[in-house]
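Structure at a glance
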Amino acid sequence: MPKSKRNKAVTLSKTKKKGREHKESIVNSIRQAVDDYNSIYVFSFENMRNLKFKEFREQLKSSSRFFLGSNKVMQISLGRSVADEIRPGIHKVSKLLRGDAGLCFSNLPKEEILRLFEEYEEHDFARTGSTATEKVELKEGPLDQFTHEMEPFLRKQGMPVRLNKGGVVELVSDYVVCEEGKPLSPESARILRLLGSKMATFRLHLICRWSPEDFEVLKEGLDLSDVESS
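The following refers to the structure shown.

Reading the values: the criteria
- Within each chain, residue numbers correspond to sequence positions counted from 1 in written order.
- A pLDDT threshold of at least 70 governs which residues receive local features in this predicted model, and a stricter bar of 80 or more applies before side-chain atom pairs are shown or counted, although totals over entire chains, interfaces and linings include all residues.
- Side-chain measures here rest on the full set of heavy atoms in the structure, leaving out hydrogens and waters.
- Pairing of aromatic rings covers Phe, Tyr and Trp, the last counted by its six-membered ring, and requires centre-to-centre distances within 6.5 Å; plane angles under 30 degrees mean stacked, over 60 mean edge-to-face, and any other angle means tilted.
- A run of H or I in DSSP counts as a helix once it spans at least four residues, and a run of E counts as a strand once it spans at least two, with each numbered from the N terminus.
- Categorising residues by exposure relies on relative accessible area from a 1.4 Å probe, with only protein chains included: less than 20% of the type maximum marks a residue as buried, more than 50% marks it as exposed, and the intermediate range marks it as partly exposed.
- DSSP calls a pair of strands paired once it identifies at least 2 bridges connecting them.

Time to look at the packing of aromatic side chains. Applying the stated criterion to the full structure yields 11 aromatic pairs. Ring centres of Tyr37 and Phe105 lie 6.4 Å apart, and the angle between their planes is 50°; on these two criteria the pair is classed as tilted. Remark: Phe105 occurs in strand 3 (residues 101–106) and Tyr37 occurs in the loop between helix 1 (20–36) and strand 1 (39–46); sequence separation between them is 68 residues. Taking the centre distance of 4.6 Å and the plane angle of 50° together, the rings of Phe56 and Tyr120 count as tilted. Of the two residues, Phe56 sits in helix 2 (residues 50–59) while Tyr120 sits in the loop between helix 5 (110–119) and strand 4 (122–124), which places them 64 residues apart along the sequence.

Let us look at unusual backbone geometry. Unlike most non-glycine residues, Asn47 shows phi in positive territory, near 55°. Within the secondary structure layout, Asn47 lies in the loop between strand 1 and helix 2. We classify Asn47 as partly exposed; its relative accessible area is 31%.

Before going further, it helps to examine the sheet that holds strand 6 (residues 141–142). With respect to topology, 3 strands assemble into an open sheet ordered 6-8-7, the strand pairing being antiparallel. Every interior strand has two partners, whereas the edge strands, strand 6 and strand 7 (161–163), have only one. For strand 6 and strand 8 (residues 169–171), the ladder comprises 2 bridges, and the chain directions are antiparallel. By the bridge assignment, Pro142 is partnered in strand 8 with Glu170.

Attention shifts here to the pairing of strand 3. Among the 6 residues of strand 3, 6 are classified as buried, and the element is accordingly described as predominantly covered. Burial of the side chains of strand 3 extends over both faces: Ala101, Leu103 and Phe105 are buried on one face and Gly102, Cys104 and Ser106 on the other. In the sheet, strand 1 pairs with strand 3 via 6 bridges, with the strands oriented antiparallel. Within strand 3, the residue paired with Val42 across the bridge is Leu103.

Now the structure itself:
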């Protein structure tokens, strides 16, 4: 009797998690970057798009280096208090590594970094759970932007559609795709993509800057109580 494939042994020995060695490598890389670059910036991001961020990083690779990942690992790299900071005042940078944040090490003048970050903006399709920036409503009638092959798919997304006698996709009643200020459902996100409606904007925001000479906060309205008390 042939051996059942369900009983086939599967080895997991080749699967490796990012453990201590990986974390130590990041710590060492960040500490080396402190020596190699003139300034350190903490930045936050919204609607991260990995490909777009990679393109932005490539533009600055000759003068700057970026780190994204565990805030805790980045904090440990720099030092989280006066007692363990690797440079005077640099623990204040760690205090502002919160939430969706990263580090930018650069030899560019401050004014140039400020300009690059402020001007950077990329529009993309919003994902499920994102907040709709406007109300999108489709009116009853033909939907000429869709081919007849799309009718079954649109129906699965909850749209009240049919094929009319001319083979054109038609809405049998008005349909609200999304409401401004409300999270997008998976169906709404798919429909908006089909409509070419880009509601997500990938932006980077500078939080603070550190150099051997000084430390300054670049974003207004931050809670600095833990920074000032440290």
